[in-house]
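Each chain is listed here by its residues.
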Amino acid sequence: MTQPALPTFADVEAAAARLRGVSHKTPVLTSTTLNDLLGAEVYFKAESLQRMGAFKFRGAYNALAQFSPEQRRAGVVAFSSGNHAQGVALAARILGIPATILMPSDAPAMKIAATRGYGANVVTYDRYKEDREALGRKLAEDGGLTLVPPYDHFDVIAGQGTAAKELFEEVGALDALFAPLGGGGLLSGTLLSAKALAPQCQVFGVEPEAGNDAQQSLRKGSIVHIDTPVTLADGAQTQHLGNLTFAIIQRDVTDILTATDAELVEAMRFFGSRMKQVVEPTGCLGLAGLKTVAEQWRGKRVGIIISGGNVDLARYAQLVADSA
Ligand SMILES: *Cc1c(COP(=O)(O)O)cnc(C)c1O
């Protein structure tokens, strides 16, 4: 079997050129309280402040911007109940491409409304009875639509890598970098930028403890499939890595760590109370992961990607209040 072509840092640079003036160059935040507590210098890349509230806009826009005129006319299709849907919908609106998004009929009304608000045609399906991948493929074949998957895609990975590229360009080399991990698009893009801009930097992916398929895959040397994990981190409820993301992660990652739901809630409270940042549970994986190995990074410079901030406010209030 021939290996699929993997994106490189040159592809991340090309993505950054496409995104210039379109995506936000998100701020890098610091907290003296946290630095004193951990004895480290920690730099947060706040993708919660990216357009549509998560890094997903970067990969979606980078993919859609490269559509041919025929692909643009026919439109894009994506399936997602979360941030990828909104990223594709917003990128499609900016580029004038019709977007169809398949969402489970029981997805939060707020997320369906937000996706429709970006102008997408939302098609709902029964997640217990219908196979979304088959539905997506059928829509793609019948209407000539181009399917853009959430993580296992050359241009999506390259786009996601632009967040870490901006971080290194702003703060210089780091000793370690911690990134949330679901299907691995963000982590693989991050690895491409880290290897090019800070080759000594150790890069860690952090996934929910209940869904540690990537950690298992790394230990085993092949992609492990699991049942949909039950976790607060709804952006990382993936069942397996992709072929492209696994190849890059296996080649370049230092290690994969996990965080419990309780650790995510603790990080959410810290972001809210000390840094005044609303971060969704999945976006807290990086900080929660660092805290499990903080001793090793005393006296070092550490980066953390805050991947997103989309959380229903009532839910957010409940989570931060319950953990008191
Ligand atoms: C999608 C998502 C992730 C996981 O990204 P992958 O590329 O699937 O690994 C992490 N955090 C947030 C907020 C997300 O939306």
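Please read these numbers as outputs of a predicted model, since none were measured by experiment.

Draft legend 1. Quick peek at the UniProt feature "domain: Tryptophan synthase beta chain-like PALP" (unreviewed entry) in the protein. Taking the numbering used here, the UniProt-annotated feature "domain: Tryptophan synthase beta chain-like PALP" (unreviewed entry) corresponds to residues 24-308. A distance of 13 Å separates the end C-alpha atoms of residues 24-308, which is 45% helix and 17% strand.

Draft legend 2. View of the site of the ligand. Neighbouring the ligand are 15 residues, the closest being Lys 56, Asn 83, Gly 182, Gly 184 and Ser 307. The separation between an oxygen atom of the ligand and a polar main-chain atom of Gly 185 is 2.9 Å. Interatomic distance of 2.6 Å between a side-chain N/O atom of Ser 307 and a nitrogen atom of the ligand. Burial of the ligand by the protein amounts to 97% of the accessible area it has alone, namely 380 Å². Taken together, the residues that form the shell around the ligand break down as 4 nonpolar, 9 polar and 2 charged.

Draft legend 3. Looking closely at the packing of helix H12 (residues 261-275) against helix H14 (residues 313-322). Relative orientation of the contacting elements H12 and H14 amounts to 105 degrees, with a least axis distance of 9 Å. When the axis of H12 is compared with that of H14, the two are roughly perpendicular. Packed against H12, whose contacting residues are Val 265, Met 268, Arg 269 and Gly 272, the element H14 presents Tyr 316, Leu 319 and Val 320 at the interface.

Draft legend 4. How the structure looks around the pairing of strand S7 (residues 176-180). With 5 of 5 residues buried, S7 lies mostly within the body of the structure. Judged by which residues are buried, S7 turns out to be covered on both faces: Ala 176, Phe 178 and Pro 180 on one side and Leu 177 and Ala 179 on the other are all buried. Where S7 and strand S8 (residues 202-208) come together, 5 bridges link them in parallel fashion. Within S8, the residue paired with Ala 179 across the bridge is Gly 205. The parallel pair S7 and S8, bridged by helix H9 (residues 185-197), forms a crossover whose chirality is right-handed.

Draft legend 5. Quick look at the packing of aromatic side chains. Counting across every chain of the model gives 5 aromatic pairs. Taking 4.9 Å as the distance between ring centres and 10 degrees as the angle between the ring planes, the aromatic pair formed by Phe 178 and Phe 204 counts as stacked. Of the two residues, Phe 178 sits in strand S7 while Phe 204 sits in strand S8, which places them 26 residues apart along the sequence. Overall, Phe 178 belongs to the buried group, its relative accessible area being 0%. You can call Phe 204 buried: its relative accessible area is 7%. Their ring planes at 65 degrees and their centres at 6.4 Å tell us that Phe 270 and Phe 271 sit as a pair that is edge-to-face. In this structure, Phe 270 and Phe 271 share a single accessibility class: buried. Within the aromatic cluster, the residues linked to one another by ring pairs are Phe 44, Phe 270 and Phe 271.

Calculation criteria
Residues numbered from 1 in each chain as written. Predicted model: local features only at pLDDT ≥ 70, side-chain atom pairs only at ≥ 80, totals over all residues. Heavy atoms only, no water. UniProt positions renumbered as here; feature names shortened; annotations may be inferred. Helix = DSSP H or I, 4+ residues; strand = E, 2+ residues; numbered from the N terminus. Near = heavy atom within 4 Å. Polar contact = N/O pair within 3.5 Å; in protein donor to acceptor, adjacent residues only side chain to side chain. Areas by Shrake-Rupley, 256 points an atom, 1.4 Å probe, with all protein chains shown as cover. Nonpolar A, V, L, I, M, F, W, Y, C, P; charged D, E, K, R; others polar. Axes fitted to C-alpha atoms, helices over the stretch in contact; angles between N-to-C directions. Parallel < 35°, antiparallel > 145°, perpendicular 65-115°, else oblique. Contact = heavy atoms within 4.5 Å. Buried < 20%, exposed > 50% of the residue type's maximum accessible area, 1.4 Å probe, protein only. Pairing = 2+ DSSP bridges. Right-handed = clockwise from strand over helix to strand, strands pointing away. Phe/Tyr/Trp six-rings, centres within 6.5 Å; stacked < 30°, edge-to-face > 60°.

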